[in-house]
Amino acid sequence: MGKYTLIITEKPDAARRIASALDVSQKARRMEENGVPYYVAMRDKEIVIVPALGHLYTVSAGAKGRGTYPVFNFEWVPRFQAERGAEHIRTWLQVISRLSKNADSFIDACDYDVEGSIIGYCILKYACNDKEKVSRRMKYSTLTKEELEKSYAESLPHLDFALIEAGRARHEIDWLYGINLSRALTFAAKNWSGKYSTLSTGRVQGPLLKFLVSREKSIRSFVPTPYWQIKAQVKINGQTCIAEFAKRRIETRTEAEAVSNACKGSGQIEKVEVVRFQQSAPVPFDLGALQVEAYSLFRYDPKKTLGIAQRLYLDALISYPRTSSQKLPPAINYRSILKNLSSVGDYTRLAADLLGKPVLKPHEGGREDPAHPAIYPTGNLPERLLNKPERNIWDLVVRRFMAVFGEPAIRQSVKASVKVDGYLFYVKGKRTLEQGWQRFYEPYVRAEETLLPLVKEGLVVDFKKIIVESRFTEPRPRYNPSSLLQKMEEVGIGTKATRADTIQTLYERKYVRNERITVTDLGFEVLELLKNYCEKVVSVEMTKELENRINGICQAQEKREDVLAGAIEILEPVLKEIRQKEGEIGERLSNAVARTRLEESIIGPCPICKTGKLVTIRSKKTGKRFVGCTNYFRGLCNASFVLPQKGTIKVNGRNCRGCGWPTVQVRTGGKRAWVLCFNPDCPLKEGKRDTGIAMSYMRQKGR
Amino acid sequence: MQCPICGRKVDEQGYCKLHAKVRHLIIKRYDGWRKAMNISWKEYLSEIAKNPLTGEWAREVARHLIETED
């Protein structure tokens, strides 16, 4: 090979796509060196396309800063120097470095956002020997051939250094916060108890935990208040409907009974209000909106949705998903996308309808992203069989794309006021008159349809039955991963690319559990300590202020060095105070860790003594695990049951449908999980006992 | 002194800060319940202790009040 252009991409799939798009015959040669793939394409000249594996460099403490805190000195190093299990990165960098030696020009083709820019910058600077200054930049939002060719031909003359500086500052500040505060907490607990457990917090993690703790406190302290609602079963024109009492909330039982006793016989419709209203088409998906919709429709958590969207992007099926834009510029060529989609049976008629319109104008939202448009289908069709989640997300993106071009839906609401014995009731209905955009978004539309019989003023209404419902006020709902992500977006903490990971970290640290998020004792304790000793670190305002300063770097209003110095100024006194009170903090954290571990091992109430709790225990003598009652240690209960010694045991919080005893879920190897009931006399084990399975395991599919 | 419910340090009125706050809330809510259902303090406590919507801490305080109050 003579001299060539070296293109750096973020992922191997992107390298393959770019190579194939740029090669004149679309047959780029795949090469491999020590397991590292790269591609050689022929165009105006020879082009070598080599992928990264996401971040190949990371922020790390210098040699003196390992295993201690505070640490404010750092450097960017190859990941294999800072992380266990990243040894393959060494070979990867060697190959890139070698390929860079024969290159006479360089192009950074990593994703056009903060992370992609840092990935490309680090490789060009460190592995390619300061080539970041001479490198050009490819900017694209889809991996389609047309867009890649265009972005190669019109590549930007240099890297976006302001974006890179801002990205570096974000990484460095997050590292400073994360490493110092996490080490402070972990060391405090370890020095007090002698046991290691990873505890962490960070610039975004702390404020996030604060939201959750605040919600958890309001739920745990909640005292419900009673109230009553009255409904009536009425007959209008021979059709039975439900009428609601005008006062939605009755505060005393006496009043509820008075209304119920008075409303008998028949009433009369006094007034009919008919309102026609428009429901605009939805706006295109930004990442957050896609994650929220996928959770609500398919129950995919935000991290899973992002992962799927990323795969679809690498398959060139959808545009770049890490976007906050709600705009679809005409340059993406709506008609061409729809034309391509029309070859899929499910979309043929819908796409044809849209293509029949003289003008295609999307209904857009207000948010913009300087780097990418909203998420849209590229019009390419799958080249491989998509799995179900991938199919679901692709279909959702396609249908949303079509829906944004739809006409507003026309809906009608009808409200009939019915008077009976001086009391006012409402009969309400709602229906869609013209589907408009809903037709394109069909299986995902959630529109309430309640059809009423023909109602008109003066019509007599028979009151068949009065229903008095006793109700209680309810606590605010728990956050789930999707609503928490929305909250983060709303208050502006974290970035679109990192929010889902931050939520996941809270689970991994055992600060929270369950899909409807519950804060553990450990989560409470960590936040309480952070609030006591470093309130600023968990303050949303501080996080937002830092976020604004980081964004200021992008607009050349701030310098990276100043923002970093400001962050260190906040951290330094906090770490000093934690160090001084390490003993007290360590004791509280260690106790919380122990309580959380116990909490996790509780299977349910002991069915033998009724007052203790069944927990999983590992025998110190034999090393075997079993189930025992917490009252054993007080000499009150001897209940104990064997557990399978292989596989993982998960507390599932469910009781056996045969005997009501608590159960656990067992998973061995790659086999399907099964439910184990401890009760030897469980009626569901009839027959199995006779075959000698004393403590048998029940396979209860779907329980 | 320790909170009789959770063992944390007593802050005020014989409870830790958390449970004291909840006790205050329980007292505050009684008026609404009395007007709504015409029930006594004891009946109120047992109603909220068994209500599934009652928060864990509120239930703990209600049960403790039932056990300790004459």
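Residues numbered from 1 in each chain as written. Chains lettered and ligands numbered in written order. Predicted model: local features only at pLDDT ≥ 70, side-chain atom pairs only at ≥ 80, totals over all residues.

Please give an account of the overall build of chain A that cites residues and values.
Secondary structure summary: chain A contains 19 helices and 23 strands in total. Structurally, chain A occupies a C-alpha span of about 95 × 80 × 60 Å along its principal axes. Put simply, chain A has 703 residues, and 40% of those count as buried. Within chain A, residue pairs in contact and separated by at least 24 positions form 67% of the contacts whose partners lie at least 6 positions apart. (Helix = DSSP H or I, 4+ residues; strand = E, 2+ residues; numbered from the N terminus. Buried ≥ 20, exposed ≤ 12 C-beta atoms within 10 Å, placed from the backbone. Contact = placed C-beta atoms within 7 Å.)

Outline the interface of chain B and chain A, supporting the account with residue identities and numerical values.
Contacts between the two partners involve 18 residues from chain B, matched on the other side by 14 residues from chain A. At the level of secondary structure, the elements contributing two or more residues to the side of chain B that touches chain A comprise α1 (17-37) and α3 (56-68) of chain B. The greatest single-element share of the side of chain B that touches chain A, amounting to 10 residues, is contributed by α1(B). Counted by class, the side of chain B that touches chain A contains 10 nonpolar, four polar and four charged residues. (Nonpolar A, V, L, I, M, F, W, Y, C, P; charged D, E, K, R; others polar.)

Lay out the pairing of strand β1 (residues 4-9) of chain A with the relevant residues and their values.
Residues and elements named next belong to chain A. Judged by how many residues are buried, β1 sits mostly within the fold: five of six residues are covered. In terms of strand pairing, β1 meets strand β7 (residues 103-108) through five bridges, oriented parallel. Bridge assignment links isoleucine 8 to a residue of β7, and that residue is aspartate 108. As judged from the five bridges shared by β1 and strand β4 (residues 46-51), these two strands associate in the parallel manner. Looking at β4, one finds that threonine 9 is bridged to proline 51. (Pairing = 2+ DSSP bridges.)

Report on the sheet that holds strand β9 (residues 226-236) of chain A, specifying residues and quantitative values.
Residue and element names in this part refer to chain A. Strand order in the closed barrel made by the six strands is β9-β10-β13-β12-β11-β14, with antiparallel pairing throughout. Along the sheet, successive strands turn relative to each other by an average axial angle of 35 degrees, direction set aside. Those strands touched by helix α8 (residues 253-262) are β9, β10 (239-245), β13 (423-434) and β14 (460-472), and its axis lies near 10 degrees from that of β9. (Axes fitted to C-alpha atoms, helices over the stretch in contact; angles between N-to-C directions.)

Tell me what's going on with unusual backbone geometry, and back it up with residues and numbers.
Here the amide bond leading from A:Tyr69 into A:Pro70 is cis, since omega sits at 0 degrees, within 30 degrees of zero. Mapped onto the elements of the fold, A:Pro70 is located in the loop between β5 (57-61) and β6 (74-78). The phi dihedral of A:Ala556 falls on the positive side, at around 60 degrees, and the residue is not glycine. The residue B:Asn38 is not glycine, and still its phi comes out positive at about 55 degrees.

A description of the environment of A:Val512 should follow, citing residues and the corresponding values.
Residues and elements named next belong to chain A. In this fold, valine 512 is placed in strand β15 (residues 512-513). Residue valine 512 is classed as buried on the basis of its 25 C-beta neighbours within 10 Å. Residues valine 512 and leucine 522 lie 10 residues apart in sequence; the distance between their C-alpha atoms is 8.4 Å. Sequence-distant contacts of valine 512, defined by excluding residues within four places in its chain, comprise Leu212, Leu506, Tyr507, Ile517, Thr518, Val519, Thr520 and Gly523.

So what about the sheet that holds strand β8 (residues 136-137) of chain A? Which residues, and what values?
Residue and element names in this part refer to chain A. The strand order β2-β3-β4-β1-β7-β8 describes an open sheet built from six strands, whose pairing is mixed. Bordering the open sheet on either side are β2 (29-33) and β8, each of which pairs with just one other strand. Set on the sheet, helix α3 (residues 88-101) makes contact with β1, β2, β3 (36-42), β4 and β7; between it and β3 the angle comes to about 25 degrees.

With reference to specific residues and values, describe the domain arrangement of chain A.
Often the size quoted for an interface is simply the accessible area lost on bringing the parts together. Taken as a whole, chain A is organised into domain 1 (4-159), domain 2 (168-220 + 478-592), domain 3 (226-277 + 411-472), domain 4 (287-403) and domain 5 (602-691). A separation of 50 Å is found between the C-alpha centroids of domain 3 of chain A and domain 5 of chain A. (Domains from an automatic or database assignment.)

Kindly report on the packing of helix α10 (residues 302-314) of chain A against helix α13 (residues 388-403) of chain A, identifying the contributing residues and their values.
All names here are of chain A. Running from N to C, α10 and α13 point in directions that differ by 80 degrees, and their axes come no closer than 10 Å. The orientation of α10 relative to α13 falls into the category roughly perpendicular. Packed against α10, whose contacting residues are Thr305, Ile308, Ala309, Arg311 and Leu312, the element α13 presents Pro389, Glu390, Ile393 and Trp394 at the interface. Across the contact of α10 with α13, the residue classes break down as six nonpolar, one polar and two charged. (Parallel < 35°, antiparallel > 145°, perpendicular 65-115°, else oblique.)

Give me the nonpolar core: which residues, what numbers.
Residues and elements named next belong to chain A. The biggest cluster of nonpolar side chains holds 150 residues, and the ones touching the most others in it are Ile18, Ile49, Ile123 and Val397. If we ignore the near neighbours within four places in the chain, the residues touching isoleucine 49 are Ile7, Thr9, Ala15, Ile18, Ala19, Tyr38, Tyr39 and Ala41. Phe245, Ala256, Val420 and Ile466 belong to the second largest nonpolar core, which has 21 residues in total. (Core = buried A, V, L, I, M, F, W, Y, C linked by C-beta atoms within 7 Å.)

Could you give an account of the environment of B:Val10, with specific residues and numbers?
Residue and element names in this part refer to chain B. Among the secondary structure elements, valine 10 is positioned in the segment before α1. When the C-alpha atoms of valine 10 and alanine 20 are compared, they prove to be 8.9 Å apart, with 10 residues separating the residues in sequence. Not counting residues within four places of it along the chain, the set of residues in contact with valine 10 comprises Met1, Gln2, Cys3, Tyr15 and Cys16.

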